[in-house]
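Understanding the architecture of this molecule
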Amino acid sequence: MPEKRDFIKEMKDVLFESHSEREDGMIEAEVSEEVYDMIVNNVPQNKPLSQTEFQSLLIIICEKIVKYLKSKIEDLPDSIATPFAFDFVGQLLMSASTVITDKGDEYDPMFG
């Protein structure tokens, strides 16, 4: 069985058209069109989401990403695919959305 490192590279290769790691360890990448569509088609447009709705959305998209990864990568364990997908989708959704509190104020999850 390949080591975790091999699965991580394979998952990146499946999810991204191209990717590179910067010196600070961050990844610069272009999400593949198929993965992008999978995410965008599940996100309501121009509709504020409650925390519960956002969490449900996150779970639904993560499950789809895990299923997609497992269809593309033979013997990919759930124990590797699930946390990877959760991190990937969470970062993608947070970077592509604005979080607004019930009071209408923008919320920065880093500082509360």
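Below is a short write-up of the structure. If you're wondering where the values come from, they're calculated on a predicted model, not measured in any experiment.

This next bit is on the pairing of strand E1 (residues 16-21). Bridge count between E1 and strand E2 (residues 27-31): five bridges; the pairing is antiparallel. Along E2, the bridge assignment pairs phenylalanine 16 with valine 31. If you look at the hairpin formed by E1 and E2, you'll find five residues sitting between the two strands, and glycine 25 has a positive phi there, around 90 degrees.

So, about unusual backbone geometry. The residue aspartate 75 is not glycine, and still its phi comes out positive at about 65 degrees. Tracing the sequence through the fold places aspartate 75 in the loop between helix H3 (51-72) and helix H4 (78-95).

All chains considered together, the criterion is met by five salt bridges. The salt bridge involving arginine 22 is made with aspartate 24; its shortest N-O contact spans 2.7 Å. Given the relative accessible area of 52%, aspartate 24 is considered exposed. Across the salt bridge formed by glutamate 53 and lysine 47, the nearest N and O atoms sit 3.2 Å from each other. Relative accessible area serves as the criterion here: at 35%, glutamate 53 is assigned to the partly exposed category. Put simply, Arg22, Asp24 and Glu28 are held in one network by salt bridges that share partners.

Attention now moves to H3. Spanning 22 residues, H3 covers 31 Å between terminal C-alpha atoms, matching the ideal 32 Å at 1.5 Å per step. Of all the positions in H3, only Leu57, Leu58, Ile61, Cys62, Ile65, Val66, Tyr68 and Leu69 are classed as buried. For H3, the arc enclosing every buried residue in end-on projection is 165 degrees, short of the 170-degree limit, so these residues lie on one face. Across from the buried face of H3, at angles greater than 90 degrees, the exposed residues are Thr52, Glu63, Lys67 and Ser71.

Once that is clear, we can look at the nonpolar core. Membership of the largest hydrophobic core comes to 25 residues, with the highest contact counts inside it found for Met11, Leu15, Ile65, Leu69, Leu76, Phe88 and Val89. When residues of this core are traced back to their parent elements, those giving at least two are helix H1 (4-15), helix H2 (33-40), H3 and H4. The element best represented in this core is H3, accounting for eight residues. With near-sequence residues (within four places) excluded, phenylalanine 88 lies in contact with Leu15, Phe16, Val31, Val35, Ile39 and Ile65.

Taken together, Glu17, Glu30, Glu33, Glu34 and Asp37 make up a surface patch of like negative charges. The element that contributes the greatest number of residues to the negative patch is H2, accounting for three residues. Relative to the assigned elements, glutamate 17 resides in strand E1. By relative accessible area, glutamate 17 is classed as exposed at 53%.

What counts and how
Residues numbered from 1 in each chain as written. Predicted model: local features only at pLDDT ≥ 70, side-chain atom pairs only at ≥ 80, totals over all residues. Heavy atoms only, no water. Pairing = 2+ DSSP bridges. Helix = DSSP H or I, 4+ residues; strand = E, 2+ residues; numbered from the N terminus. Salt bridge = Lys/Arg side-chain N within 4 Å of Asp/Glu carboxyl O. Buried < 20%, exposed > 50% of the residue type's maximum accessible area, 1.4 Å probe, protein only. Expected span 1.5 Å × (residues − 1). Arc of directions from axis to C-beta. Core = buried A, V, L, I, M, F, W, Y, C linked by side-chain atoms within 4.5 Å. Contact = heavy atoms within 4.5 Å. Patch = residues over 30% accessible without salt bridge, like charges linked within 9 Å, V, L, I, M, F, W, Y side chains within 5 Å. Areas by Shrake-Rupley, 256 points an atom, 1.4 Å probe, with all protein chains shown as cover. Lys, Arg positive; Asp, Glu negative; His and termini not counted. Charge placed at Lys NZ, Arg CZ, Asp CG, Glu CD.

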